[in-house]
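# Overview (structure and organization)
Spelled out, the chains give:
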Protein chains: 2
Amino acid sequence: MKRRTASFAITVLIGLALLSTVAHAQDPLPSWNDGKAKQTIVAFVAKVTKEGAPDFVPPAERIAVFDNDGTLWPEQPMYFQLLFALDRVKVLAPQHPEWQDKEPFASLLKGDVKGALAGGERALAEILMATHAGMSTEEFAKIVQDWVATAKHPVTKRSYTEMVYQPMLEVLAYLRANGFKTFIVSAGGIEFMRPWAEKVYGVPPEQVVGSSIKTRFEWRDGQPVLMRLPELNFIDEKAGKPVGINEHIGRRPIAAFGNSDGDLEMLQWTTAGKGARLALLVHHTDAEREWAYDRTSAIGRLDKALDETQARGWTVVSMKDDWKRIFPFGAK
Amino acid sequence: MKRRTASFAITVLIGLALLSTVAHAQDPLPSWNDGKAKQTIVAFVAKVTKEGAPDFVPPAERIAVFDNDGTLWPEQPMYFQLLFALDRVKVLAPQHPEWQDKEPFASLLKGDVKGALAGGERALAEILMATHAGMSTEEFAKIVQDWVATAKHPVTKRSYTEMVYQPMLEVLAYLRANGFKTFIVSAGGIEFMRPWAEKVYGVPPEQVVGSSIKTRFEWRDGQPVLMRLPELNFIDEKAGKPVGINEHIGRRPIAAFGNSDGDLEMLQWTTAGKGARLALLVHHTDAEREWAYDRTSAIGRLDKALDETQARGWTVVSMKDDWKRIFPFGAK
């Protein structure tokens, strides 16, 4: 009799464990509030993965593309890669005494970022080339890794790679668990993202698409190296995103995630394909837990793309309303 | 008693089936003669996949790159993509009456390929741009697919995609079965290879690296398209191959397969990494079953790379001696 009770108890426990597993499987996006955005993502995944269904997509064609800045991690108070470049200017300054009197470096070294960037695109390009070119690809990867390991965000004082959106990490994992290949397609530097994207997002280097400068194969001390040249190769932004997607992936994505007008053409390109498509825009609406900005922001402007959303049936995610939490480390 | 005999027979049958599986697993390269080349490939795969061993490489880093022309399929009497271009000139000629008096087209349309190509790189570029640009990426993919489905090789009269090297198909499959990601890295057009590479080689579009022309995002009849422009974007040849590998893959391969001096830098780049590396050159030594050429050939010249082979310990595959068969369709 006792044995029977024990056996019954075990059965119940196993049953509960199974139920819990099922419940977990039914909520692959625990940081998302139940709402239209979450439902749209889940319904899309269900219909493209159901064999025999009209919207079924074979695994090889389940390509999902994600913008990075503002979509997977923040872009305020300025793009993190620019913060990296500014840090690098300070580190490199002793080797460049001429920077003390030369803009945009002189302003930067006095702590006047706004003054330095007043020089517009030319000033920005000078800062980027001075900090991103002139070394081998391996040396640059090491510089980025070291920076990522030590640098802190000016507002949150957290590591940049801690400041990734927990709900989007769940989407990445959820899609991969359903046979998707996830790619980053960002205006950010391809070589700036690769050193940490695999660890932080689970996206391997060969699935990162981004802007790039040219490299050249050379011999140095008897070893072949790829030297990074101060010359633009490709800008993976706006109409460049479909071009970059085609060049790197070679097939049209079925799902695209962005947050700004820089992602508009990527979403247009993705949704113009036949069959079920998912297009999602992260809307920065949470001034308390993150930042709130859209149509008039200098960084990550979301204006034209927001206008197209309704006509095209794209999904807008309100960070404030749709996300239970923003970052992995807590409420804010 | 009878039941016991039947049971014994079944056990024996299962045992034999298992043995056969093991035997098959022990010869993953049935079209290769037992020799140094085959042994080198098998030993390399064994040591990088053995967990805990000093040369173990995690699956994510098992990147193998393959040249295409002369390595996975032939390149004689000329590159197959050039044969495609010549076919396209004939198809397009009615829309271009001016070609009747304009080189290199005039010679081509008279059947004088040599005369047409006497114009050198400029003539070649004109032929390529006239046949590869001016349409959308999707239209071009369709043109390539249709050509591949119908065109026949001038010597073998076989479809081009039938003329792939059976021993190399086995290497591709063997590496993938051992956790490798296989990439094509070819001087051929990236968009020329992608429409058939997955079906023929098992290499998906996102794992094809090649030469390219520029594309532009445009709207046509209310649909976004990528138009192919008559402007070079990238040449994935010689010192360009490590550049293309870095741009597309973002990590150094541990195995590289080529056949000509165009692959030299790719092999150098691959083998300069730390840990176990495999570099293999297919040597065209079989005039009877394929073609025989090396140091003085205008197409697929293998000269400098052959010189480096001994000093660097690379593996040379003699098609004549190392391969039991060349093509999937028979002895020749």
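This text goes with the structure placed above it.
Residues numbered from 1 in each chain as written. Chains lettered and ligands numbered in written order. Predicted model: local features only at pLDDT ≥ 70, side-chain atom pairs only at ≥ 80, totals over all residues. Heavy atoms only, no water.

## Considerations on the environment of D261 of chain B
All names here are of chain B. With respect to the helices and strands, the residue D261 is situated in the loop between β5 (255-258) and α11 (264-271). When the C-alpha positions of D261 and F183 are compared, they lie 19 Å apart, and in sequence the two are 78 residues distant. Discounting residues that sit within four places of it in the chain, D261 has contacts with K238, R301, L302, D303, K304 and A305. Among the polar contacts made by the side chain of D261, one reaches the main-chain amide nitrogen of K304 at a distance of 3.1 Å. (Helix = DSSP H or I, 4+ residues; strand = E, 2+ residues; numbered from the N terminus. Contact = heavy atoms within 4.5 Å. Polar contact = N/O pair within 3.5 Å; in protein donor to acceptor, adjacent residues only side chain to side chain.)

## Regarding the relation of the copies chain B and chain A
Placing chain B over chain A gives an RMSD of 0.0 Å and needs a rotation angle of 180°, together with 0.0 Å of translation along the axis. These values place the two chain copies in the arrangement generated by a two-fold rotation axis. Relative to the rotation axis, the C-alpha of H248 of chain B is the closest in chain B, positioned 3.1 Å from it. When the interface residues of chain B are mapped onto chain A, 100% of them again lie at the interface, so the same face is used by both copies. (Least-squares fit on C-alpha atoms with pLDDT ≥ 70 in both.)

## Some thoughts on the side chain of H284 of chain A
All names here are of chain A. As for its position among the elements, H284 is in the loop between β6 (278-283) and α12 (304-312). Side-chain polar atoms of H284 contact the side chain of E290, separated by 2.8 Å. Excluding residues within four positions of it along the chain, H284 makes contact with G70, E75, Y165, N259, E290, W291, A292, Y293 and M319.

## Details of the packing of aromatic side chains
What describes a pair of aromatic rings is the distance from one ring centre to the other and the angle between the planes of the rings. Counted under the stated rule, the structure contains 36 aromatic pairs over all chains. Judged by centre distance (5.4 Å) and plane angle (50°), the rings of Y165 of chain A and W323 of chain A are tilted. Remark: W323 of chain A occurs in the segment after α13 (319-322) and Y165 of chain A occurs in the loop between α7 (137-150) and α8 (166-177); sequence separation between them is 158 residues. In terms of burial, Y165 of chain A and W323 of chain A fall into one category: buried. Consider the rings of W99 of chain B and F105 of chain B, whose centres lie 4.3 Å apart with planes at 5°: the pair is stacked. For W99 of chain B, a relative accessible area of 4% puts it in the buried group. Here F105 of chain B falls in the buried class, since its relative accessible area comes to 2%. (Phe/Tyr/Trp six-rings, centres within 6.5 Å; stacked < 30°, edge-to-face > 60°. Buried < 20%, exposed > 50% of the residue type's maximum accessible area, 1.4 Å probe, protein only.)

## Let's talk about the packing of helix α3 (residues 80-92) of chain B against helix α7 (residues 137-150) of chain B
How two helices pack is summed up by the angle between their axes together with the distance between the axes. Residues and elements named next belong to chain B. Axis separation between α3 and α7 bottoms out at 11 Å; the angle between their running directions is 100°. One element, α3, and the other, α7, form an angle in the roughly perpendicular class. Facing α3, whose interface residues are F80, L83, F84, D87 and R88, α7 presents F140, I143, V144 and W147. Taken together, the residues that form the contact of α3 with α7 break down as seven nonpolar, no polar and two charged. (Axes fitted to C-alpha atoms, helices over the stretch in contact; angles between N-to-C directions. Parallel < 35°, antiparallel > 145°, perpendicular 65-115°, else oblique. Nonpolar A, V, L, I, M, F, W, Y, C, P; charged D, E, K, R; others polar.)

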